[in-house]
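Given next are the chains, with one letter for each unit.
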Amino acid sequence: MSARSDLIDTTIKRFISDNANDVTGAAVISIDGTLLGSSMAPDVNPERVGAIAATMMGVTFRVVNDLKIGKAEEAIIRADNGYLLVVPISPQIILSITLRLNANLGLARMEARDVVKALASIG
Amino acid sequence: MATKTTARPTLGDYMSLICFHYLRQGTEDIAGRAAIVAAGRNRGSDLCESLGLNGATSDGAVMTEKLYDALGEAGTRLCLVDSVTQQPDGSYEVHIHEGACTAGVQSAVPYCAFTMGVFVGAISAMTNTRMLGREQTCEAMNGKECVYLIEPV
């Protein structure tokens, strides 16, 4: 793995470890769906999740643009056993985070903003 | 043809680029580029698996030959593969022309989302290395060919 890839993986793992009560997994993905780094449950296919999360962000950008409601900041899906949060890191890279159902969503979103800044500095 | 099927006894395996472009552009307009690139990656990966090429080579010349046969005039006619060349840093430079994505298309930005995805998937599969693709030159931007840089993540 490249130094950049190692840094991404280390940053993701630290984020999950620091927020273990809320966060169950995370992935950094290019806007065309290529996985750049991830730490997810073993029964999840990270490549597939990467493509889906990037598509979810693509749809979000289009909805926001067509409805003329400003700039997309995040997309959230709530399921009966957790959440998926997708946040842009840069115009070319996004962060996907899975959260427990009982997660403190407000706190997790603040923590997500911090890790987005850290990941953005990796480039 | 390399992928001859009996699914359509009258019409055979091929359809018009017109329909392909509606499918591709319509999907991209709604869902963005990722869905198209992902479809291409899956195609490239599955193609290599079907040809027994998973983890089989990192040699650009071998890739050129295999992908020319599979995707070119005697294959599925996605594009004509001119060369796949391994660079010293482990990346690959791919040169193609007559790509299905760009046929008859004028664009201000690179337009080979599906075709490039196929090469990302195929080269990832052949080298057992996760790859990321960037299009450097595109026929849709009046280039004479399409050139992709496919590099390890």
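The model shown is predicted, which means the values in this text are computed figures rather than measured ones. (Residues numbered from 1 in each chain as written. Chains lettered and ligands numbered in written order. Predicted model: local features only at pLDDT ≥ 70, side-chain atom pairs only at ≥ 80, totals over all residues.)

## Brief notes about the overall build of chain B
In terms of regular secondary structure, chain B is built from four helices and four strands. The order of α-helices and β-strands along chain B, N terminus first, is α-α-α-β-β-α-β-β. Expected size for 153 residues packed as a compact globule is a radius of gyration near 15 Å; at 15 Å, chain B falls within 12% of this value. Overall size of chain B, expressed as C-alpha extent along the three principal axes, is 45 × 40 × 30 Å. Taken over 153 residues, chain B has a buried fraction of 38%. (Helix = DSSP H or I, 4+ residues; strand = E, 2+ residues; numbered from the N terminus. Rg over C-alpha atoms; globule rule 2.2 N^0.38 Å. Buried ≥ 20, exposed ≤ 12 C-beta atoms within 10 Å, placed from the backbone.)

## So, the overall build of chain A
On a plain count of helices and strands, chain A comes out with three helices and five strands. In chain A, the succession of helices and strands from N to C terminus is α-β-β-α-β-β-β-α. Relative to the globule expectation of 14 Å for 123 residues, the C-alpha radius of gyration of chain A, 14 Å, shows essentially globular dimensions. Principal-axis analysis of the C-alpha atoms places the extent of chain A at approximately 40 × 35 × 25 Å. For chain A, the proportion of its 123 residues judged to be buried stands at 38%. Taking the intrachain contacts of chain A between residues at least 6 apart in sequence as the baseline, contacts between residues at least 24 apart amount to 47%. (Contact = placed C-beta atoms within 7 Å.)

## Digging into the interface of chain A and chain B
Counting residues at the interface gives 16 residues for chain A, matched by 12 residues for chain B. Elements that contribute at least two residues to the side of chain A that touches chain B include exactly β2 (35–39) and α2 (46–67) of chain A. Top element by residues in the side of chain A that touches chain B is α2(A). It accounts for seven residues. Taken together, the residues of the side of chain A that touches chain B break down into seven nonpolar, seven polar and two charged. (Nonpolar A, V, L, I, M, F, W, Y, C, P; charged D, E, K, R; others polar.)

## Describing the pairing of β2(A)
The side chains of a regular strand alternate, residue by residue, between the two faces of the sheet. Counting buried residues in β2(A) gives four out of five residues, a clear majority hidden from the surface. With antiparallel pairing between neighbouring strands as the criterion, strand β1 (residues 23–30) of chain A and β2(A) make up a hairpin whose turn holds four residues, including G33(A) at a positive phi of roughly 95 degrees. (Pairing = 2+ DSSP bridges.)

## Some remarks on the confidence of the model for chain B
Model confidence for chain B is summarised by a mean pLDDT of 94, while 97% of its residues fall at 70 or above. Overall fold confidence for the complex sits at a pTM of 0.88, while the interface term, ipTM, reaches 0.79. (pLDDT = per-residue confidence, 0-100.)

## Observations concerning the sheet that holds strand β4 (residues 146–152) of chain B
Residue and element names in this part refer to chain B. If you trace the four strands from one edge of the open sheet to the other, you get β1-β2-β4-β3, paired in antiparallel fashion. Each edge of the sheet is formed by a strand with only one pairing partner; in this case those strands are β1 (80–86) and β3 (131–137). Recorded for the sheet is a direction-independent mean angle of 20 degrees between the axes of neighbouring strands. Sheet topology places β1 next to strand β2 (residues 92–97); six bridges connect them, and they run antiparallel. Each bridged residue has a counterpart across the sheet, and for V84 the counterpart in β2 is V94. Lying on the sheet, helix α3 (residues 60–71) is in contact with β1 and β2; it crosses β1 at an angle near 160 degrees. (Axes fitted to C-alpha atoms, helices over the stretch in contact; angles between N-to-C directions.)

## Considerations on the sheet that holds β1(A)
Residues and elements named next belong to chain A. Strand order across the open sheet formed by five strands is β2-β1-β5-β4-β3, with antiparallel pairing between neighbours. A single partner strand is all that each edge strand has here, and the edge strands are β2 and β3 (75–79). Each strand of the sheet is rotated relative to its neighbour by a mean of 15 degrees, with strand direction disregarded. Of the pairings in the sheet, the one linking strand β4 (residues 82–90) to strand β5 (residues 93–99) comprises seven bridges and is antiparallel in character.

## As for the packing of α2(A) against helix α2 (residues 33–50) of chain B
Running from N to C, α2(A) and α2(B) cross one another at 155 degrees; their axes reach a closest spacing of 7 Å. For the element pair α2(A) / α2(B), the angle class is roughly antiparallel. Packed against α2(A), whose contacting residues are A51(A), A54(A), T55(A) and G58(A), the element α2(B) presents R33(B), A34(B), A35(B) and A38(B) at the interface. A per-class count over the contact of α2(A) with α2(B) returns five nonpolar, two polar and one charged. (Parallel < 35°, antiparallel > 145°, perpendicular 65-115°, else oblique.)

## Some words on the nonpolar core
If you look at the biggest cluster of nonpolar residues, it comprises 71 residues, and the most contacted ones within it are V28(A), A53(A), I94(A), L95(A), F119(B), A122(B) and I123(B). Sort the elements by how many residues they give to this core and helix α4 (residues 113–127) of chain B lands first, with 10 residues. If we ignore the near neighbours within four places in the chain, the residues touching F119(B) are G44(B), V94(B), G133(B), Y148(B) and I150(B). (Core = buried A, V, L, I, M, F, W, Y, C linked by C-beta atoms within 7 Å.)

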